[in-house]
Structures are given as C-alpha cells and as structure tokens.
Amino acid sequence: RKTDISYLFSEEERHLRANDRPFNLSYRYANNAIKTSKYNIFTFLPLNLFEQFRRLANAYFLFLFCLQLIPQVSSLSWFTTAVPLILVLGITAVKDANDDINRHRTDKQVNNRRVDVLVDGQLRNEKWMNVQVGDIIKLENNQFVTADLLLLSSSEPLNLVYVETAELDGETNLKVKQALTVTGEMGDSIDKLATFKGEVRCEPPNNRLDKFKGTLTLDQQVSSLDNDKVLLRGCTLRNTEWCFGLVVFGGPDTKLMQNSGKTVFKRTSIDHLMNVLVLCIFGFLATMCTILAIGNAIWEVKEGSVFTAFLPRENGIDASLSSFLTFWSYVIVLNTVVPISLYVSVEIIRLGNSFYIDWDRKMYYPKSDTPAQARTTTLNEELGQIKYIFSDKTGTLTQNIMTFNRCSIKGKAYGDFCFLFSLQKTDKVDFSWNQLADPKFVFHDHSLLETVKDGNPEAQTFFRLLALCHTVMPEEKTEGELVYQAQSPDEGALVTAARNFGFVFRSRTPETITIMENGRKVVYELVAVLDFNNVRKRMSVIVRSPDGRITLFCKGADTIIYERLHPSCSKLMEVTTKHLNEYAGDGLRTLVLAYKDLDESYLGEWRQRHHEAVTSIEDREERLDEVYEEIEKDMMVGLPAAAWRRNQSVLSSGHLEIKQNHTAENIGYSCNMLREEMKDIFIVAANTAEGVREELQVWMYFQTCLWGGFLIIPGSFHLQAFALEKNMQLELLRTACMCQTVICCRVTPLQKAQVVQLVKKYKQAVTLAIGDGANDVSMIKAAHIGVGISGQEGMQAVLSSDFSFAQFRYLQRLLLVHGRWSYLRMCKFLQYFFYKNFTFTFVHFWYAFFCGFSAQTVYDEWFITCYNLVYTALPVLGLSLFDQDVNDRWSSRHPQLYSPGQLNLYFNKKIFVRCMMHSCYSSLILFFIPWAAIHDTVRDDGKDIADYQSFALLAQTCLLVVVSIQLCLDTHYWTAVNQFFVWGSLAAYFAVTFTMYSNGMFFIFTSAFPFVGTARNSLNQPNMWLTIFLASLLCILPVVAFRFILIQLRPTINDKVRHKVRKEALPAPPPRRPPPRRISTRRSGYAFSHAQGYGDLVTSKGFLRPLKSRPALFIQKDSALAQNEPQHYRTISEEPEGSMSP
C-alpha cells in the first residue's frame, strides 16, 4: 500500500474497503466536508490587508503616507492621506468580510446536513462533514445524495433507483441506476451490510460526469463497475423508498466539486484599463516631479543664494540635496492625479447601480416571488460591454415544461393560435366529467373534446395511441389518484393529454396495458415494444385488443414517419405538413402519430424473426433495426403537437449548449437564434483530429466568401478530443467567429468553461454565461459575467453567479437598460473625475515656476483635504447614480444604443488623453487668469490685495466653479438630488471657507487656520467675481462650441436617439399581442430527452410489483411529482421538514 507523500499528491488509483475506516484513513482521502471560504477570524486581517495592498494604488498611498511623516519632505499634513486611505481600506474590508461570512454560512449549511451512516453495526444520524470514504450510508426518498456512492441495494425491484440529476447535468428527467446483484441481495439488512467487506479499486477523482471505471472484489469474485452503478453528489433520490451506498469520493473529490471550477476574482475591463492608466499616471507624475526637481536645482544655484541671508539653509543641504528632497515633496503635492477617493467613489457607484437591479420591479417574477439580484457589486459596468453570450438551453432558453397545445387529426387542426395567445380570456375546457382527469391540464379548444365525445373514430384512435405507445410508469396511491412517472417530459405531456380526453392509462404489467376508455376499462395485451433510439427517432408498440384486433402504434419525428406511410396518405400528408409548418413557426415541438393493423399470421412470422434478432450474438443492433424497419411500413397517419414554453431570447446570435445533436437546429430556430434565410448549416462530422481540422478549414474558407452561417459541433467526443486541443483551438475559434450562431451539443461542464476561456483568451471581448444548473457553474465562473437563473434545477448556478433572476427574458433588460446605464455612468464619472483632478493638479505645476520650485501649494491645505472628499464628491456621485441619456423604454426600443459599449467608445486611452489635454487647457486658464487679474491689484479703498492667500482663494474658487459647470454640461438627466448636490456643494464651500477664515477659528487653532480674514477681504471686491466669471467663460465656451459642432457634423447614435426623443412622445409599453405567425419548414424532432433502453425495462419480468403492495412514495398531494409536473422540484431551501435530512 502506498502511503508516501508523492502518492498523496498524484493519486493514480483509489483503493478502499467497506466498513474499515482505519484502512481507508491510511490513504488520507478527503472527507466529505467542503470549504469555499477564504478567511477565518485569525487570518482575516493580515490576509485581507495583504490582498488590498497588492492593489497598486493602495500601496502607492501607503508610500505617500510614509513620506508625509518625514518633515524635510512633506509640505502637507499626514491626515490628508491617512483619512482617505483608512476609509478605503475599511470599506473594502467590511465588504470582503460580509462576503466571506456568507460563504461560511453556506458551507456550514451544507456540511451540517444529516444522513444515516452505518457505524459499528448501527445506523447513526451523522453530519455530512463527518462522512468518510468507505462508509455505508442510507438515503431515503427525496434526499440529496451525500457523496459519490457505489449503489449497494435499494427498495425497488432489480435494485433500481431513480435519481434527478438536474444539479449535475441540467436534465430534469429521471435517470435509472442499478446495483450489482451480488450487493443487491443484502437489501436493507443491517447485519449483512455491517459485515460487508467489499474492496473497491477505481479511477482517481476526476470531473467526468458520464464515466466511471472500477472493480468490486467480494469473496474473491471481481465485478465490473460503471457509471450506472454510481450515485453522484448533487443528485436527488426520487421515487425510491430507500437505498444504501458505499462512499467512494467525498467532499472536494466528488465529481460535482471537481466540475465547479476555481473561484476567480473578476475584474472589469475598465478596472484593467484603470490599472494601465494608473501606471501611465505614475510615469507622468514622475516626469513632472523630475522637471520640477531640476528646476529647483537650477533655481537654487542661480537665485537661491540671494535668499540665504534671511532664509539660511540647514547644515549639509546643498542644491543637489535640495533638488532630491523637492522631488519627493512634489510627489506628495501632485499626488492628486491619482486620488484615493477615486476608488471609494467607484465602489459607491457600483453599489448604487447594484441596488437598482435589486429594486427593479420589471425584473421581479411574482409566480416564484423571485426578484433580480446583483450578487456582486464590482461588475455592473461590464454588463454594458457584452459581446459574446454563452447560454445553456434546458431551463434557460427554454422553461423545460412540456404541455399539449395543439394537434391535427385527419387533416383538421385543433387548439388554434388564438387560444394560445389571445388577449381575451377564453374559457378552459371543463374536464370535471372525467374523475381521473389531471386538474393541472389546461386546454381551450372545446371542439376537440366534443369530437372525442361524439365518437369520432380518428380522434379516439389518436388518443388511444397516446395512452398506449409510451414507457410511462403509473402510480395509483388511492383509487383514482394517478401519478405518472415519465422518463422524458414529452412522454408525460402526451399521456396526460390522453388522460384528460378520456383515455386514461391506469396500469401496466410486462404483458398488458390497462386503460380507461371513456369510463370503460380495457386491457390490451402488450405484444412487443420497438424501443426508441437516436437513429430510429421513433417508438412503436404492438398491442392486441380484447376483441383480438392487432395494431401497431407508432410515434416519432415527422420526416421519419413520413417515409413509412402508405401511399394512400399522400393528400392527408400535404394538409398535415401545412399544419406542421404552422406549429413549427409558432415555436412548438412536433411529432407524428401513425398506426397499422396487423394479421395474426404475419405477426407470428415477424415475432420469430424478432426472436432470432434478439438472441443473435453478432450484429444484434443491425438485425433488430431491420426487423423493426420491416414492420413499420405502410402506416396510416395523424398528427399532434406537444410544445415546451420557451423563454424569450435576447440576441439573434450567440452560443448555445444543447443536449442532443438532432435537436440543435430546432432549438436554434425556436429561440430565434437561427432564421429561415440562414441556409448555410455546417455540422462537424469527422471522427479524427485531422478530419475535424480539414472540415473547419473548409468551412472557414467558404465563410470568407459568404459571411454568416450556423455551426454545430456535435458530441462531447469531438469537442473534447479534437476541437479544444491546443493545436486546434484557433481553427475552431476562427471558424466560429465567422458564423452568426454556434451550437455545441452534449458538452460537459468543463468543456463549457473551456469554450468560454477560448473566446476570452483570443478575442479579448467581454463574455457573459447564463445557466440554471450545477452543470453551468464552471461556465458561469469562467465568463466575465455569470448569470444564474433560479429555475427548476436547484440553486447551484445562482450561488456561483454574479447576477441572478428567474426568467431568461430579463437578460434583455439587464443588458440593454441596467448594463448600458451602468457603463455610461461609470465612463462619465471617470472622464469627469480625471478632468477635475488633473485640472486641480496642473495648477500646482504652473505655480511651481513662480514659487522657486519650493513645493509650496497653491491652495489652502484644508481645501486640498476637502476638494475630493467634500466639495466635489456628492455632485459627481449624483451624476454617476442618476444620469441617463434616454429612459428605459427608449433603451429597449433602440438596442443599437448598446453597441458603443461593445466597442468601448465611452472611455478608453484616447478619451483619457483628451481629458488630460482638456485639463491642461483649463488649468492654464485657472492659473494665469487669476494671477494676471490679481497682479498689482488694489482694493476699492486703495489697499493692496496682491498677496498669496488672496490668490489662493481666488484660484480655488475659480476651480470649483468651473468643474461644477462642467459637471452640469455632462449631466443629461436632472433630478432634485442632482440639483441639491451641485448647489449644496457650492454653498458648503463658501460656508466652510468663511468659517475657516474667520477670526474665531484663528484664535482657537492659530497654526491650523492661517488664512484669517482672507475671504471677507477678497470676495467683497467686484473684480474678484468678474475674474471668476471670465475664467469660467474661457473654460466652458470652447467645450460648448466643440460639442455643438461635433453633433452637427458627426452625431453619435446617442445623439440621434436623444434628438428623436425630443420630437416624439414617450413610447408606450410593448403591447401583449400575439407574436407574428411564422411558417417554418424547420420542425422539432421527437423526444429530445428520451433515452434508449426503457422499452426493455418496462417489459422486464422482475421490474413491476403489484400496485397494492407498493407503499405511497408521495406524502404531499401538492408536490410537483404528485401533480404530474416532473420538472417542478423544490430547491434545497424549499424542501419541507422531514423530506430529507436537515
């Protein structure tokens, strides 16, 4: 047994023994506890500070603070940097602590769930975190699977269990797992299970959900283990009273956790740009300080000696040392080019815009009482720059709810369009006459029920076929209370429709099917089941009625059934095809029903050939297909349509993840990802790496001539083995980017993330991934923005997402309204913030040439402290929280407004340089106009006013007025809050200035407030106010003129829409009208979630028990399964007490 350290870090094979903890602990396998938190009470402060000071700006301000503690260097008080720095660190630390507390709470909730564990021959109720590899645990109906388990035994015949795997693969239809016979014999005997000493050797922990390889050794007998023998963590036990399992992988080693991906700290593209700009600003700051330090050295040599008589130098300080110290002094003085308040303001703006998402009533889903939620506050503006959307299909683009909506019987259509989408409320069909009807079933066309009641033979055959041709299992808890357990939602919807129209499927045995036909019990002999598979795309049953009539009933994809119809059906087929196209145009999922009468002699011969095919050793599948093909010919036709209600799609191009290859096109057309005019459909079909490469290159060459098209990458084998290999990634990416839509079929969670990372790495574009299941977690974490839908597949996607809501259609509002507004506001904020701070700082630079490069500040020290934190903080926050170029209705009506964000036009390096040039011009005006106006100026009474303090007051007043007017010019949407912030800040400035420059403050704090009397002596002079007006006019007038000319010559899309807004009235909310009917030749194939093998299962002799001996599994009558809605399952937080371990 290997127990060395190298083995622990490179596990090649897992070896465990049941009921032997010491043996298993020797391998140091991970226990079942999970941990997603980052800190604990001891490590929080040092680790959090370390992470915060890794941000360049924070480290820079800490360095500044240290410089300000050196008297020979500092020309500003230490508190001007310390207060903002402590504020920033404190706010960020509180936010990080709150996030980690939530992670701790979630971890604790999961780890403290309880399960029955077999310990020392007894079942003990233990916490999940205490479960070890090799333990045997007992699960009961509706419990979550604790860890990755080897199934040992169950309460069901043949040791079967039913599991819902929604949190693993996103599929809500039930899966069947089966234990080995050698372990299934133990049943629920605690004594036998306690003495079970089987040894398991299997693959090491990995993320492959669809594969498991291993062996079980028991009493010198070795049994093979595969994926059908394993229950994975994240599954939910359904329709099974109990089962026992052996823990193989626990906690972080489980396939669920292996697929969850690493949690990465997401930064927006603006954050990355700001980091680059900050580095550039540091370089620019160093350049300015170097220039001023050189100027100080020259001045000291040429002019400084003149002043030594009354300003003697300290001992040991010469011109070169003075120049060195001046460099660091100016680093402090000019540090406002990178103000720390910038980061505080950014966090506040993001938080405010996050609240808008949380409070948006138009993104609230009342049916489930689910509001939209911004789960992170750092990515809002990124929502306005999305270029690629990666979407899951099941539960995301579609609601995965199958309902019987319309049908065509013998050329007559029922369930007309108006009944589905009419604004007027139509009466529902009353099924109260049928005591066995499903109360949840809704249908509006009364004529269909009347046709059935009138005894129309075609209509009755239609529903008889639906009641007989399926693999549904019935549960009858009490007389008349039926629950159908369907392997796919398609099956459940069709059998439920037949049930309500009077053809009720009651029970089945391996030889018979019992239905109630309009209240009369009829037992059909089940002669044969011709099972479904993805090649046949159809399913058939052969039954014998009580009167001896033998009939083959078949249902399947339209194209498949049409090929097998009798020539006499050609005219009916034309009418049916017309109806099919209408249904497909409305986004409905369709299938065709057909039947055929058989005679006894032919059936006997066919059954003999069928038996030979079943028992053949070689080419069994091919021989069975031939036998099936032989009998499924010359059938008669009818047509129903069962449909899932799909969510509204946002964009006409993007990326999808589809469950099966043959439904990829249909999903694309149903969700408007594809259009009828898109004729160029390319499916990767090669089975070798070189073949895949050649196909991609051929398609890419073809697309250079005709841009657009539709690419399907089928199957995880091609995608994982070939297309995502490093030497082929670029071929895949080039081909995909030339298509309007790309659909990847049957991809694993890891492959989803790899596709996202491929686009992120090479396209340098902002990506968004949206999904609703645990299988989407890796993709959600990998994308720049992850959106979780709180749907029917649990809460794993929501817990890992950045934003969440209940319906896919809300993505449109999230991007086109909230995302665009957030991006626009953030860009305006950054432009204005850099403008006002560069203007503030450049005035210092110009002043240095008039103060002997002595690092003296232009402004009062208190003005420097309050400029960013008080005087200009609230107005710019008002702009960044409330501004909008157009309202939400116009934003949704004109999606082209979103394109500037995708191109990053509102804030980039070019815009930044323009801000610097604008600031440079404004600073020249704001320095030289006050300097020239006050130079050699006297008051009205003849006294001199040309002093430093008066100049400082005039310069800072001009600066504040100009930046306030500039903010007003940038504001498009005025509110009372904006007005209050702007005028209030100006009022606060004058109030604080007159207070600080008063005699009283001087007498109390003489050294802190030296500008005594400056305000009342200067601001009562008319020429001071004229100077303020002149400086403001010279700064603002060129901006107004430039913007006017730009709008006239090169108007942007925003300018055009805003001009249209001024001319037109506010657009009304979009009316709830029927969507335009679309005639489509693209039709959905039958049973996209159906699986092969159920035909053999339902005809198995040991599969069924007498119904009376089967205890009721459904205690709650209002449960989803009891109401025949197998897709509506409770989430973790909604499970009632007692339904699972706490």
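Criteria and thresholds
- Residues numbered from 1 in each chain as written.
- Predicted model: local features only at pLDDT ≥ 70, side-chain atom pairs only at ≥ 80, totals over all residues.
- Heavy atoms only, no water.
- Helix = DSSP H or I, 4+ residues; strand = E, 2+ residues; numbered from the N terminus.
- Buried < 20%, exposed > 50% of the residue type's maximum accessible area, 1.4 Å probe, protein only.
- Contact = heavy atoms within 4.5 Å.
- Areas by Shrake-Rupley, 256 points an atom, 1.4 Å probe, with all protein chains shown as cover.
- Core = buried A, V, L, I, M, F, W, Y, C linked by side-chain atoms within 4.5 Å.
- Phe/Tyr/Trp six-rings, centres within 6.5 Å; stacked < 30°, edge-to-face > 60°.
- Lys NZ or Arg CZ within 6 Å of the ring centre and 35° of its normal.
- UniProt positions renumbered as here; feature names shortened; annotations may be inferred.
- Expected span 1.5 Å × (residues − 1).
- Polar contact = N/O pair within 3.5 Å; in protein donor to acceptor, adjacent residues only side chain to side chain.
- Pairing = 2+ DSSP bridges.
- Salt bridge = Lys/Arg side-chain N within 4 Å of Asp/Glu carboxyl O.
- Arc of directions from axis to C-beta.
- Axes fitted to C-alpha atoms, helices over the stretch in contact; angles between N-to-C directions.
- Parallel < 35°, antiparallel > 145°, perpendicular 65-115°, else oblique.
- Left-handed = near helix turned anticlockwise from the far one by under 90°.
- Nonpolar A, V, L, I, M, F, W, Y, C, P; charged D, E, K, R; others polar.
- Patch = residues over 30% accessible without salt bridge, like charges linked within 9 Å, V, L, I, M, F, W, Y side chains within 5 Å.

### So, the overall build of the protein chain
Across its full length, the protein chain holds 40 helices and 33 strands. By residue count, 57% of the 1142 residues in the protein chain fall in the buried class. Within the protein chain, contacts between residues separated by at least 24 positions form 74% of all contacts whose residues are at least 6 apart in sequence. Of the roughly 49,700 Å² that the protein chain leaves accessible, carbon and sulfur atoms contribute 57%.

### Observations concerning the environment of L383
Residue position: L383 is located in the loop between β14 (373-374) and β15 (386-392). Distance in space between the C-alpha atoms of L383 and Q902 is 9.7 Å, their sequence separation being 519 residues. Not counting residues within four places of it along the chain, the set of residues in contact with L383 comprises I357, L768, I785, F803, L814, L815, G819 and Y898.

### Details of the nonpolar core
Core analysis: the biggest nonpolar cluster contains 102 residues, and Y330, L342, F829, L830 and Y859 have the highest contact counts within it. Looking at which element gives the most residues to this core, the answer is helix α28 (residues 810-848), with 18 residues. Filtering out sequence-adjacent residues up to four positions away, F829 remains in contact with L342, S345, V346, I349, V876 and S880. One finds A18, I137, F144 and W242 within the second-largest nonpolar core, a separate group that totals 53 residues.

### Some thoughts on the packing of aromatic side chains
Scanning the model with the defined rule gives 54 aromatic pairs in all. Taken together through their ring pairs, the aromatic side chains of F840, Y859, F863, Y867, Y871, Y989, F990 and W1025 make up a single cluster. Cation over ring: R17 sits above F23, and NZ or CZ is 4.0 Å from the ring centre. Just above the ring of W128 sits the side chain of R113; from NZ or CZ to the centre is 5.0 Å.

### Regarding the side chain of H844
Summarising the element assignment, H844 is placed in helix α28. The exposure class of H844 is buried, given its relative accessible area of 2%. Discounting residues that sit within four places of it in the chain, H844 has contacts with V333, L334, T857, V858, Y859 and I864.

### What to know about the UniProt feature "binding site: Mg(2+)" (unreviewed entry) in the protein chain
The feature "binding site: Mg(2+)" (unreviewed entry), as annotated in UniProt, sits at D392, T394, D772 and D776 in this numbering. Mapped onto the elements of the fold, D392 is located in strand β15.

### Describing helix α34 (residues 948-970)
Relative to the 33 Å expected for 23 residues at 1.5 Å per residue, α34 spans 33 Å between its end C-alpha atoms, a close match to the ideal helical length. Summarising burial for α34: 17 of the 23 residues are buried, a large majority. Between a side-chain oxygen at the N-terminus of α34 and the backbone nitrogen of Q949 the separation is 3.1 Å; the capping residue is D947.

### Quick word on the pairing of strand β4 (residues 136-140)
Judged by how many residues are buried, β4 sits mostly within the fold: 4 of 5 residues are covered. Examined bridge by bridge, β4 and strand β13 (residues 242-249) share 5 bridges and lie antiparallel to one another. Pairing of I136 across the sheet is with L246, part of β13.

### Focus on the pattern of salt bridges
Within the structure shown, the criterion is met by 34 salt bridges. Between R544 and E600 there is a salt bridge, with the nearest N and O atoms lying 2.8 Å from each other. With R544 in strand β23 (residues 538-544) and E600 in helix α19 (residues 600-615), this pair connects stretches of sequence that are 56 residues apart. With a relative accessible area of 16%, R544 lands in the buried category. For R820, the salt bridge is made with D885, and the minimal N-O distance between the two is 2.8 Å. Here R820 is found in helix α28, whereas its partner D885 is found in the loop between α30 (873-882) and α31 (888-893), with 65 residues between them in sequence. If you follow the salt bridges from partner to partner, you end up with R538, E563, R564, E629 and E632 in one network.

### Notes on helix α20 (residues 620-631)
Helix length check: α20 (12 residues) gives 17 Å between terminal C-alpha atoms against 16 Å at 1.5 Å per residue, within 8%. Buried within α20 are the following residues: L624, V627, Y628 and I631. Looking down the long axis of α20, one finds its buried residues gathered within 100 degrees of arc, a one-sided arrangement. Here the buried face of α20 lies against β22 (520-530), β23, β24 (550-556), β25 (592-598) and α19.

### Details of the packing of α28 against helix α33 (residues 909-934)
Put simply, α28 and α33 touch, their axes get as near as 7 Å, and they point 45 degrees apart. Taken together, the axes of α28 and α33 lie oblique to each other. Along this stretch, α28 crosses α33, giving a crossing that reads as right-handed. Class assignment for the residues of the contact of α28 with α33 results in 16 nonpolar, 6 polar and no charged.

### Re the environment of E12
As for its position among the elements, E12 is in the loop between α1 (5-9) and β1 (14-17). The exposed category is assigned to E12, whose relative accessible area is 62%. Placed 193 residues apart in sequence, E12 and P205 show a C-alpha to C-alpha distance of 9.1 Å.

### Some thoughts on unusual backbone geometry
Despite not being glycine, D120 shows a phi value in the positive range, around 50 degrees. Its location among the elements puts D120 in the loop between β2 (114-119) and β3 (122-127). Here K410, not a glycine, exhibits a phi torsion of approximately 55 degrees, which is positive. Note that K410 resides in the loop between β16 (398-409) and β17 (412-414).

### Quick look at the environment of L730
Positionally, L730 belongs in helix α24 (residues 729-737). By relative accessible area, L730 is classed as partly exposed at 34%. Here the alpha-carbon distance between L730 and V759, two residues 29 residues apart in the chain, equals 9.7 Å.

### Considerations on the side chain of E632
Relative to the assigned elements, E632 resides in the loop between α20 and β26 (636-646). A polar atom in the side chain of E632 sits 2.6 Å from the side chain of R538. A polar atom in the side chain of E632 sits 2.4 Å from the side chain of S540. The contact partners of E632, leaving out residues within four places of it in the chain, are L530, R536, R538, S540, L552, C554 and R564.

### Details of the sheet that holds strand β8 (residues 199-202)
Within a sheet, each strand pairs with its neighbour through backbone hydrogen bonds, oriented either parallel or antiparallel. The sheet built from 4 strands is open, its strands ordered β1-β8-β9-β10 with antiparallel pairing. The sheet is open, and its two edges are formed by β1 and β10 (221-225), each paired on a single side. This sheet shows a mean twist of 20 degrees between the axes of neighbouring strands, independent of strand direction. Pairing of strand β9 (residues 214-218) with β10 involves 5 bridges; the strand directions are antiparallel. Its bridge partner being in β10, L216 is matched across the sheet by S223.

### Concerning a nonpolar patch on the surface
Together, I291, F849, F850, L924, F928 and W931 give the surface a local cluster of nonpolar side chains, amounting to about 510 Å² of exposed area. Broken down by element, the nonpolar patch gets its largest block of residues, 3 residues, from α33. Within the fold, F849 resides in the loop between α28 and α29 (861-871).

### Describing the packing of helix α14 (residues 446-453) against helix α15 (residues 457-468)
Contact geometry of α14 with α15 gives a least axis separation of 7 Å together with a crossing angle of 100 degrees. As summarised for this structure, α14 and α15 are arranged roughly perpendicular, according to the angle between their axes. Here α14 contributes L448, T451 and V452 to the contact with α15, which in turn contributes A459, Q460 and F463. Of the residues that constitute the contact of α14 with α15, the class distribution is 4 nonpolar, 2 polar and no charged.

### Points about the pairing of strand β5 (residues 148-154)
A large share of β5 lies buried, amounting to 7 of its 7 residues. Relative to β13, β5 is paired through 6 bridges, and the arrangement is antiparallel. Residue pairing in the sheet places S153 in a bridge with F244 of β13. Where β5 lies against strand β11 (residues 230-231), 2 bridges are found, and the strand directions are antiparallel.

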